[in-house]
Amino acid sequence: MPDVYPYITTRGMSYKVVSGYEVNEDTRLLFGFESVFGREAATEYSIGIDMQLPISYKCTATFGLWVDLEASVTIPLSSYFSAGIGCEYYHFSSLQGQRHITGNIVNIDETFININKNSTSTNIFGFISYRY
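A quick note: this is a predicted structure, and the numbers were derived from the prediction, not measured.

**A look at the packing of aromatic side chains**
No. 1: Tallying each qualifying case throughout the model produces six aromatic pairs.
No. 2: Note on tyrosine 80 and tyrosine 130: the rings are 6.1 Å apart at their centroids and 25° apart in plane angle, and the pair reads as stacked. In this pair, tyrosine 80 sits in the loop between strand 6 (68–76) and strand 7 (81–91) while tyrosine 130 sits in strand 10 (residues 120–130), placing the two residues 50 residues apart along the sequence.
No. 3: Members of the aromatic cluster, connected to one another through ring pairs, are Tyr80, Phe81, Tyr130 and Tyr132.
No. 4: Taking NZ or CZ as reference, arginine 99 lies 3.7 Å from the ring centre of tyrosine 7, over its face.

**A short note on the pattern of salt bridges**
No. 1: Per the counting criterion, the structure on display carries two salt bridges.
No. 2: For arginine 99, the salt bridge identified is with glutamate 34, shortest N-O distance 2.8 Å. Taken together, the residues arginine 99 in helix 1 (residues 95–100) and glutamate 34 in strand 3 (residues 27–36) connect sequence positions 65 residues apart.
No. 3: Since its relative accessible area comes to 25%, arginine 99 is described here as partly exposed.
No. 4: Residue class for glutamate 34 comes out buried when judged on its relative accessible area of 2%.

**Topic: the sheet that holds strand 7**
No. 1: Reading across the sheet, the eight strands line up as 1-2-3-4-5-6-7-10 and stay open at both edges, with antiparallel pairing between neighbours. The sheet is open, and its two edges are formed by strand 1 (3–9) and strand 10, each paired on a single side. Sheet twist, expressed as the mean angle between neighbouring strand axes with direction ignored, is 15°.
No. 2: Examined bridge by bridge, strand 3 and strand 4 (residues 42–52) share 10 bridges and lie antiparallel to one another. Its bridge partner lying in strand 4, leucine 30 is registered against glycine 48.

**A word on the environment of proline 54**
No. 1: If you trace the backbone, proline 54 turns up in the loop between strand 4 and strand 5 (56–63).
No. 2: For the pair proline 54 and threonine 74, spaced 20 residues apart in the sequence, the C-alpha separation amounts to 8.8 Å.

What counts as what
Residues numbered from 1 in each chain as written. Predicted model: local features only at pLDDT ≥ 70, side-chain atom pairs only at ≥ 80, totals over all residues. Heavy atoms only, no water. Phe/Tyr/Trp six-rings, centres within 6.5 Å; stacked < 30°, edge-to-face > 60°. Helix = DSSP H or I, 4+ residues; strand = E, 2+ residues; numbered from the N terminus. Lys NZ or Arg CZ within 6 Å of the ring centre and 35° of its normal. Salt bridge = Lys/Arg side-chain N within 4 Å of Asp/Glu carboxyl O. Buried < 20%, exposed > 50% of the residue type's maximum accessible area, 1.4 Å probe, protein only. Pairing = 2+ DSSP bridges. Axes fitted to C-alpha atoms, helices over the stretch in contact; angles between N-to-C directions.

Right under this line is the structure:
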């Protein structure tokens, strides 16, 4: 069964459906779509791969209104701990970018909020995971 997530965007309420297909024990194909129904309709599609080898790789691209990218690499340190690095790129014009970019509000007064619609976000991050 796919997972369904509702989100509030500047275009209205969106619904994101995500799922995957297990190619083999180590590889999953990821896919999904997100749509806004209403006066400012929009649709985006996601495709990705998740490989669970001794070193794990995950990469997802979302396209439609803009192209957003996410990627990470995870290395096991022991049977309980792993460490990884990743990067992500989002554009405010995309539905996903509106959720992940902070600092878009340029000006607020009594009547409106002015949003910088050309905002982008590029992040590089590291992490440590504990499996119990």
